[in-house]
Structures are given as structure tokens and as C-alpha cells.
Amino acid sequence: MPTVILRPDSTTSQTGWASSNIHTIINDNNTGTSVDQNSVTCDFTGTLDDLDGSLSGATINSFTISANAKAGRTGATSAAMNLIHSTDGSFAVETENWTGTQNTQTTTARTTQQDGSSALTFAYINNCSVKIDPGTAGMTLYELFVTVDYTAAASGYSHDIMGLAAANIGKVNTVATANVGKVSGT
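How each quantity is defined
- Residues numbered from 1 in each chain as written.
- Predicted model: local features only at pLDDT ≥ 70, side-chain atom pairs only at ≥ 80, totals over all residues.
- Heavy atoms only, no water.
- Helix = DSSP H or I, 4+ residues; strand = E, 2+ residues; numbered from the N terminus.
- Buried < 20%, exposed > 50% of the residue type's maximum accessible area, 1.4 Å probe, protein only.
- Contact = heavy atoms within 4.5 Å.
- Areas by Shrake-Rupley, 256 points an atom, 1.4 Å probe, with all protein chains shown as cover.
- Pairing = 2+ DSSP bridges.
- Axes fitted to C-alpha atoms, helices over the stretch in contact; angles between N-to-C directions.
- Core = buried A, V, L, I, M, F, W, Y, C linked by side-chain atoms within 4.5 Å.

Asks: It is not clear to me how the overall build of the chain should be interpreted in this structure. Could you clarify?
Replies: The number of helices and strands found in the chain is two helices and 12 strands. Secondary structure of the chain in N-to-C order comes out as β-β-α-β-β-β-β-β-β-α-β-β-β-β. Expressed as a percentage of the 186 residues in the chain, the buried residues total 40%. Nonlocal contacts in the chain, meaning residues at least 24 apart in sequence, comprise 70% of its contacts between residues at least 6 apart. A total accessible area of about 9300 Å² is found for the chain, and carbon and sulfur atoms account for 47% of it.

As C-alpha cells, this is what we get:
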């Protein structure tokens, strides 16, 4: 399945980091730039890039949250990562652990909205922010991102013809529906 990576494009709230421009550091797709935790009270929440409009008809299968980081001076740390939907609130909270070696930790794939049963959608993902809440042991954060797994929308002819559902039309005059753009002005 194809995937797309969404990164924080602005900061909603932050505390306990050595930079006031944390989102510009952790969204640059560069594991050579970093920001250090400088307080035991520390977190970051940022809005995510929107999914590209060309994916508006895609089926959203799942998402994961990843952070490339390493523990601070203590040699071991953890951080809770989650998404925050603009109306449904926080969900998909999962804690990951790091040692003194820089590496990427990723949450388990989530396939539903905050309610635990509704399927993920293009609009739902586009209304989410990402949050990381490190423990008190300290960390250096290099990257924070969300990976969205999707199935592209079917291409080809997608209209009903004379009451026959498009899903039941396999061919039109021996041409596969994937290759048909228009039938009789429909």
C-alpha cells in the first residue's frame, strides 16, 4: 500500500524545549538537526500538513506516529505520542522508549478514529495534530511525523448507467471500465 508522511507545519503548544521554533527543526526531514529537552515538564503539539487534495477519494487504511530521538544524559527515556483531533480530542496514545543511541520508534498502526470504530477518512486526518510528551529523563528530538497508509481511489468510469451501478460494470463495449472516461455524455 502507498504511504504519505505528514509533518508538523506549525506549533500549537510547546514547553520544555531548548528552541522556541521546534516545529521547524523536527519537520525538516533531516536527522542531523535536533532540539533538546531542557525541562522535566516538556511537551509539543503541532498541526500536521494536510493530505494532498489528490487523495480526497482515497481509502485511509491506517496511520502510525514516529519520532527519531535519543535519550538524554540518563541513557534511557520514554515519550507518549498521540494524535489530537480538532473535535474528538486525543487518541492513539502510545509510549515508546529510547536509549542513548539515536533511532526511530513507531507506534502501532491505528485503523480507526478516536471512537474506536469509525473508519479513518481524508477529512478526519486533515483535522488532526500530533503530540509528543517526553518523560522526565530527557531526550533529544530529531524528527516527528505521521505516516498515513492509503489505497488510491479507483480510476476509470465511475457513474451508474441506466440504473446499473458502476461497481457492477466490468466492460463497456469490450473496453475495461478502468479505461473508460465517458459513456454517451454521462
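Asks: Where do I start with the environment of I125 in this structure?
Replies: With respect to the element layout, I125 can be found in helix α2 (residues 122-125). A relative accessible area of 2% places I125 in the buried class. For the pair I125 and I84, spaced 41 residues apart in sequence, the C-alpha separation works out to 9.8 Å. Apart from residues lying up to four places away in sequence, I125 is in contact with L6, L51, I60, F63, L120 and V148.

Asks: Would you mind showing me how to read the sheet that holds strand β6 (residues 76-85) here?
Replies: Hydrogen bonds between backbone groups are what pair the strands of a sheet, and the pairing can be parallel or antiparallel. One open sheet holds the five strands; their spatial order is β2-β4-β9-β6-β7, and the pairing between them is antiparallel. Pairing within the sheet leaves two strands with one partner each, and these edge strands are β2 (8-15) and β7 (89-99). For this sheet the average axis-to-axis angle between neighbouring strands, irrespective of direction, equals 20 degrees. Pairing geometry for β2 and strand β4 (residues 43-48), over six bridges, is antiparallel. Of the residues in β4, the one forming a bridge with T15 is D43.

Asks: What is the right way to read the environment of Y142 from this model?
Replies: If you trace the backbone, Y142 turns up in strand β10 (residues 139-151). Under the relative-accessibility criterion, Y142 is labelled buried at 8%. C-alpha of Y142 to C-alpha of D28: the two residues are 114 residues apart in sequence and 9.0 Å apart in space. Look past the residues within four positions of Y142 in its chain and what remains in contact with it is I25, I26, N30, T31, T33, S34, N68, A69, K70 and Q102.

Asks: So what exactly am I meant to see when it comes to the pairing of β7 here?
Replies: Strand direction decides the pairing type here: β6 and β7, joined by nine bridges, are antiparallel. Bridged to A80 within β7 is T95.

Asks: When you look at unusual backbone geometry in this model, what are you seeing that I'm missing?
Replies: For residues besides glycine, phi is generally negative; the peptide bonds are generally trans as well. Positive phi is not limited to glycine here, since N29 has a value of about 55 degrees. Backbone geometry at A92 places phi at a positive 60 degrees, although glycine is not the residue there. Here A92 shows up in strand β7.

Asks: Help me understand the nonpolar core, please; the structure alone is not making it clear to me.
Replies: Within the largest apolar cluster, 36 residues are counted, with the highest numbers of intra-cluster contacts made by W17, F63, L83, I132, L141, L144 and V146. Where this core is concerned, the elements lending two or more residues are α1 (22-26), β4, β5 (59-71), β6, β7, α2, β9 (128-134) and β10. Here this core takes six residues from β10, the largest share from any one element. Excluding residues that lie within four positions of it along the chain, L144 makes contacts with R7, P8, I26, F44, I65, S66, A67, M81, V130 and I132.

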